[in-house]
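# Descriptive analysis of the structure
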Amino acid sequence: MKHQKFANLGESCFSAALPSGLQLRVVPKRGFARKYAFLAVNFGSVDTTFVLNGEKHRVPDGIAHYLEHKMFDLPGQDAMALFAEYGGSPNAFTSYGMTAYYFSCTERFEDNLRLLLRMVTTPYFTLESVEKERGIIAEEIRMYEDSAQSRVGEDLFAALFAQHPIRVPIAGTVESIAEITPELLTACHRAFYRPDNMILCVVGDVDAETVRAIAEAEVAPAEGALAQRDYGAAETMLPVRQRNERQMSVSMPTFALGYKCAPPAPGMDTMRREIIGDLAGEILAGESSPLYERLYEQGLIDADFSAGYESVKDACLFSAEGDSRDPEAVAAAIAEEAARIRAEGFDRALFERLKKSALGRRMRDLDSFESICYRICAYYFEGVEYFRFPEAYAAVTPEEVAQFLAQTLLPERACLTTVVPKEESNV
């Protein structure tokens, strides 16, 4: 295995591409009792249209999330019960861009790891279990639909993007999941749950060669070609619509303001753009900015307000969101501040302080096993070695941040979505 030391971070990482195609990363943390394993699949909710063996497929919205739920079923066994027997604490999630399965434990690590690998690589979907899960997931969807925070974000994606599947909620809809069958789940597993489309990351006081041996024994090479994804026609930088309002049973309006961005190039440009976008958010409306202080003092935002950059497989945006008694006033203030910065620039000393602070937060995240695994895997799928982040921060200039603000925060690229208190009927 390749062993890299990152002296500036006090970290090291063992890496290998296994014969099956599975990527492996092991980050040793000597002296810790807790061990953490994270198996990520490059298959998220946006991957609903793809070409496999020359044939185009369109699967129901929400199928990646549905598949995540069903992967804990094994022939004649319940993976959750086995993890409990081995002292493991498992979980999983589906995002727009990936699906991940993970566990933590302090004992029987090797048994837990074998189970994780066997579970994720074993498709087992009975008609009875798939039908039973439909009701469970439908209730989860309804729960998200009742959340103002979830709805305002989903409304923003739908209003910004005309083609990209990020405009559809991760779990799909009650109607779309009604179309999911065991055969479709099996087809998606065959298309994407392949070792050459996955990465295993382990953090803790473990032996890297032992982890490698277990992974090689449990994971066989995939057959055939990897599916080619299709996210639709290239997006313009104009939103579908610039305003969207929804009424719900809330006491205070909540909002999401978004500006469409051009997608970054693959590789390190992805990491650099994320850093640039987040620093732009800090300079424009972060807690240290004059705008944040002014909006907070006026009672237009609260401590939950945030601004930053987000990118998911060719869908990129800069957003600001939170609760406000007057979302339109917040959106106008952000637009005015962006215009002022375009004309006058910003304090370079503030930029350096914010960059140093952001780098410090990222380095403190190395204390979190969960954060290390997630970021290593997410950046790997973007063609980036995560532990190069200090290099990326050092290279970002104030001119790049100023250019990002000038090119992105333009009135024609903006969309404001709101959830406002439901009007009471007089009937």
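Read on for an overview of the structure.

What counts, and at which threshold
Residues numbered from 1 in each chain as written. Predicted model: local features only at pLDDT ≥ 70, side-chain atom pairs only at ≥ 80, totals over all residues. Heavy atoms only, no water. Pairing = 2+ DSSP bridges. Helix = DSSP H or I, 4+ residues; strand = E, 2+ residues; numbered from the N terminus. Axes fitted to C-alpha atoms, helices over the stretch in contact; angles between N-to-C directions. Contact = heavy atoms within 4.5 Å. Core = buried A, V, L, I, M, F, W, Y, C linked by side-chain atoms within 4.5 Å. Buried < 20%, exposed > 50% of the residue type's maximum accessible area, 1.4 Å probe, protein only.

Moving on, we come to the sheet that holds strand β17 (residues 414-421). Reading across from one edge, β13-β17-β14-β16-β15 is the order of the 5 strands in this open sheet, with mixed pairing throughout. Looking at strand neighbours, the two that pair on one side only are β13 (243-248) and β15 (306-312), the edges of this open sheet. Going across the sheet, the axis of each strand differs from the next one's by a mean of 20 degrees, ignoring polarity. As paired strands, strand β14 (residues 254-261) and strand β16 (residues 315-323) are joined by 8 bridges and run antiparallel to one another. Opposite T254, over in β16, you have D323 as the bridge partner. Against the sheet, helix α5 (residues 148-160) makes contact with β13, β14, β15, β16 and β17, and its axis sits at roughly 150 degrees relative to β17, the strand it touches most.

For soluble globular proteins, nonpolar side chains are generally found buried alongside one another. Membership of the largest hydrophobic core comes to 67 residues, with the highest contact counts inside it found for F38, M271, L284, F305, I334, F387 and V401. For this core, the element with the highest residue contribution is helix α9 (residues 268-285), accounting for 9 residues. Apart from residues no more than four positions distant in its own chain, V401 is found in contact with I276, L279, A280, I283, F346, F351 and V396. One finds L22, F125, I180 and A215 within the second-largest nonpolar core, a separate group that totals 58 residues.

Burial analysis of helix α1 (residues 63-70) places 8 of its 8 residues in the buried class, the great majority of the element. Buried within α1 are the following residues: I63, A64, H65, Y66, L67, E68, H69 and K70. The inward-facing, buried residues of α1 abut β7 (73-74), β9 (89-94), β10 (99-105), α4 (127-145), α6 (174-177) and α7 (182-192).

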